[in-house]
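# Observations on the model geometry
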Amino acid sequence: MSLSACTGFRSVVPAPLVFEEQSAKILELAPLGTPKEQAIRQLNDAGISGDFASSPSIYYCDLWQREDGSLWHLNVALLFQEDGTLYKTRPAQADVSWEKDASTTQQSEP
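Only a predicted model underlies this, so the values are computations on that prediction, with no experimental measurement involved.

The rules behind the values
- Residues numbered from 1 in each chain as written.
- Predicted model: local features only at pLDDT ≥ 70, side-chain atom pairs only at ≥ 80, totals over all residues.
- Heavy atoms only, no water.
- Helix = DSSP H or I, 4+ residues; strand = E, 2+ residues; numbered from the N terminus.
- Buried < 20%, exposed > 50% of the residue type's maximum accessible area, 1.4 Å probe, protein only.
- Contact = heavy atoms within 4.5 Å.
- Areas by Shrake-Rupley, 256 points an atom, 1.4 Å probe, with all protein chains shown as cover.
- Arc of directions from axis to C-beta.
- Pairing = 2+ DSSP bridges.
- Polar contact = N/O pair within 3.5 Å; in protein donor to acceptor, adjacent residues only side chain to side chain.

A few words on the overall build of the chain. When you go through the chain residue by residue, the secondary structure sums to four helices and five strands. Reading the secondary structure of the chain in the N-to-C direction produces α-β-α-α-β-β-β-β-α. Here the chain holds 110 residues, and the buried ones make up 26% of them. Look at the contacts in the chain between residues 6 or more apart in sequence, and 37% of them connect residues 24 or more apart. As displayed, the chain offers around 7900 Å² of accessible surface, 52% of which is attributable to carbon and sulfur atoms.

Before going further, it helps to examine helix α2 (residues 19-29). All buried positions along α2 are accounted for by Phe19, Gln22, Ser23 and Ile26. When α2 is viewed along its axis, its buried side chains cluster within an angular range of 100° and face the same direction. Of the exposed residues in α2, those oriented more than 90 degrees away from the buried face are Glu20 and Glu28. Looking at the packing, one finds that the buried side of α2 touches α3 (36-45), β2 (48-52), β3 (58-65), β4 (71-80) and β5 (86-91).

In this section: the pairing of β5. In this structure, β4 lies alongside β5, joined through five bridges in antiparallel fashion. Paired with Val76 across the two strands is Pro91, which belongs to β5. The antiparallel hairpin formed by β4 and β5 contains five residues in its connecting segment, where Gly84 sits at a positive phi of about 90°.

Relative to the helices and strands, Thr89 resides in strand β5. On the basis of relative accessibility, which here comes to 15%, the residue Thr89 falls in the buried class. A distance of 2.6 Å separates a polar atom in the side chain of Thr89 from a polar atom in the side chain of Ser23. Thr89 has contacts with Phe19, Ser23, Leu27, Val76, Ala77 and Leu78, leaving out every residue within four places of it along the chain.

Worth remembering: the numbers are spatial, not functional.
Okay, here's the thing in structure tokens:
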């Protein structure tokens, strides 16, 4: 028996969609111009949960409970204007990759 079967926890997997696709799906549920409270309610009704971090104008979509029972980790932040309407999405997490500086791998000639 797996741990998830014993505890009731389900495995969270990264969404199999790139940011642009995740954003498009979210905007189908809560289009640009939707008031904040209504947008959050519509997302919650569709199984998407999240939270406001340090700013009430940025809502981070975190998990999406899918109809098939899978649980996707999302990478979308919703940005709200001062009047509370949704005006933009952006990646919730930075895409960070490390590259060696070419100058550190080259040896200088004597």
